[in-house]
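# Geometric and topological summary
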Amino acid sequence: IGDLKSLLENRPQNKIFAFNISDVRTLDALKNFAQQDDLSDITLISKDENILLQAHQNLPALRTALDLSQSKKRPENLAELVSQTTAAYSKIIILPAQWLDKSSVSYLQRRLMTVWAKHNVTDHVQAAQVLMTGVNGILSQNSNIYADILKQFPKNTLLRQPLIIGHRGVPSLEDENTIESAAHAVMLGADIIENDIYLTKDQHLVVMHDNTVNRTTKGTGKIEEMTLAEVQQLRTTHKNYHVPTLAEYFTWLKNNKKIVLMIEIKSSQPTLVQALNAEIKKYNVADQVVTTSFSREQIQQVKTKMNQVSAGILVGSLPNAANKSANVKQVLADAQKYVASYHPSYRADLVKIFNEAQQRGVSFWPWNLNDTTFKQLYVAGLNGVTTNDIQKYSNWIVDVQANAQMNVKVGQVIAIPLNLKAQNGAMLKAQATHFVVLKGSPNYKVENGQLTFIDKGTAYVLAGDQYQIDAQNTYYLYSQPIKM
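Computed from a predicted structure; not experimentally measured.

### So, the environment of P417
- For P417, the position within the fold is in strand β17 (residues 417-422).
- Residue classification places P417 among the partly exposed residues on the basis of a relative accessible area of 44%.
- Residues P417 and A247, 170 residues apart in the sequence, show an inter-C-alpha distance of 46 Å.
- The residues touching P417, leaving out its near neighbours within four places in the chain, are Q401, A402 and A430.

Encoded structure:
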């Protein structure tokens, strides 16, 4: 076929390479190769966790993916997959076809994981089923089948709904970082709740955003110079809530099993991660917790001491090189160094950088967005978006469901009833107005949002709904294939 150097030198601009490796000898050769040639824009795939671990140690700039596609037995708890992948110092997990369903994929993505599927489909129906699970990427020898389907979707089709993170709960309605704020955000439909933690003088984890209590409570002073007893005497500024401990959050979390808590480590105290790890184990909530921080030292500690928990790096400002490729390269290097998802503040070219980086397995979670930028990034399909105002987005449609099979007559306009699920869990009724008819179906026509089949036979149709956010922003969602 040729040597690696020639392959890289002649690579088309729109192609990204992923190399499957199965032995340490190959890894050693790649390390030697990287001393003269740039390997930073490739992904190493292996089913051997030890090889991926060594790959991260020897070639830390390279992305890695844990290939579980040959695994015979599905784990009873998907949290095991998160722990297994992060322990291999990887952020990308490759699942076999038989493990694929929308719920499982979403579970892993809520834990900041990038999910790829390995499925050599033989027809368009199988391919559509895989696409509609919301996976971030697909390994296949039949990529043309997936491409055929993707070309049929209108612009701004969301195969995977961006997750909504309640920033300190819902601070526009409640006092921030309280249990009351978190619970209200969940009621409004938050997929993930974010909070911030410090360590008190007597080594207790408490939830507070600022390093002082002045802004959010009726008290004054630095949070880390207080004892737990002193913190428990504080009351919040507007609604007189108490300042919670992280243990109280974990107790609340245990009764809300579908919710993930995104803990931002604010403190730079070196003993914090150890205390956090002990608290997570005590309350058995590792499967519901992810961590983020601006402190690279703390993220490094999470990586080495808490590899059962997924981590993300918070970024105040994106790389600002002269060209997009250089910026993307820096994003990839930062994320892979800490085996982390990427949580940046907003910048005008964020979507361009995101589009490049997500194809390489890095997930983007921009934070604290105003309404205009929230809508733009949501429609662009980012992995997750953070907001202070989840009530504005509670009614947005996030899932389209239809009957798996219908009998219809040739020549008649087909009415496909849909069940639409909103962000807050509410269910609505509608009729499909958009359609993707899969290859191999009988002749048909679509006019004015109405589908009619001209010939007899069996067809497979994805029924769609258009959600109009406002005059500038709209997106489309589709059902799983319907057999007609």
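### As for the packing of aromatic side chains
- This model, assessed by the stated rule, comprises 17 aromatic pairs.
- Considering the side-chain rings of F374 and Y378, the 6.0 Å spacing of their centres and the 20° angle between planes classify their relative orientation as stacked. Residue F374 and its partner Y378 are located together in helix α15 (residues 371-380), separated by 4 residues, close to a single helical turn. Like F374, the residue Y378 is buried in the burial classification.
- Both rings, one in Y378 and one in Y475, keep their centres 5.6 Å apart while their planes meet at 50°; by these two values the pair is tilted. Taken together, the residues span a long stretch of sequence, with Y378 in helix α15 and Y475 in strand β23 (residues 474-478) at a distance of 97 residues.
- The exposure class assigned to Y378 is buried, which follows from its relative accessible area of 0%.
- The buried category is assigned to Y475, whose relative accessible area is 0%.
- Following the ring pairs from residue to residue traces out a cluster consisting of F374, Y378, Y393, W396, Y467 and Y475.
- In this structure, R111 packs its charged tip against the face of Y107, placed 3.6 Å from the ring centre.

### As for the nonpolar core
- Grouped together as the largest cluster of nonpolar side chains are 82 residues, with contacts concentrated most on L246, F250, L276, F364, I416 and Y475.
- Looking at this core element by element, the count peaks at 5 residues for helix α10 (residues 246-254).
- Apart from the residues within four sequence positions on either side, L246 is in contact with N195, I197, L205, V206, V207, L261, I263 and L276.
- Counting residues in each nonpolar core, the second largest holds 35 residues, with W99, V121, L131 and V436 among its members.

### So, the packing of helix α13 (residues 324-337) against helix α14 (residues 350-358)
- Following both chains from N to C, one finds α13 and α14 inclined at 60°, their axes separated by 10 Å at the closest point. Viewed along their axes, α13 and α14 adopt a mutual orientation that is oblique. Crossing of α13 against α14: the hand is right-handed. On α14, the residues that touch K324, N327, V328, V331 and L332 of α13 are K352, I353, E356 and A357.
- Residues that form the contact of α13 with α14 fall into these classes: 5 nonpolar, 1 polar and 3 charged.

The rules behind each value
Residues numbered from 1 in each chain as written. Predicted model: local features only at pLDDT ≥ 70, side-chain atom pairs only at ≥ 80, totals over all residues. Heavy atoms only, no water. Helix = DSSP H or I, 4+ residues; strand = E, 2+ residues; numbered from the N terminus. Buried < 20%, exposed > 50% of the residue type's maximum accessible area, 1.4 Å probe, protein only. Contact = heavy atoms within 4.5 Å. Phe/Tyr/Trp six-rings, centres within 6.5 Å; stacked < 30°, edge-to-face > 60°. Lys NZ or Arg CZ within 6 Å of the ring centre and 35° of its normal. Core = buried A, V, L, I, M, F, W, Y, C linked by side-chain atoms within 4.5 Å. Axes fitted to C-alpha atoms, helices over the stretch in contact; angles between N-to-C directions. Parallel < 35°, antiparallel > 145°, perpendicular 65-115°, else oblique. Left-handed = near helix turned anticlockwise from the far one by under 90°. Nonpolar A, V, L, I, M, F, W, Y, C, P; charged D, E, K, R; others polar.

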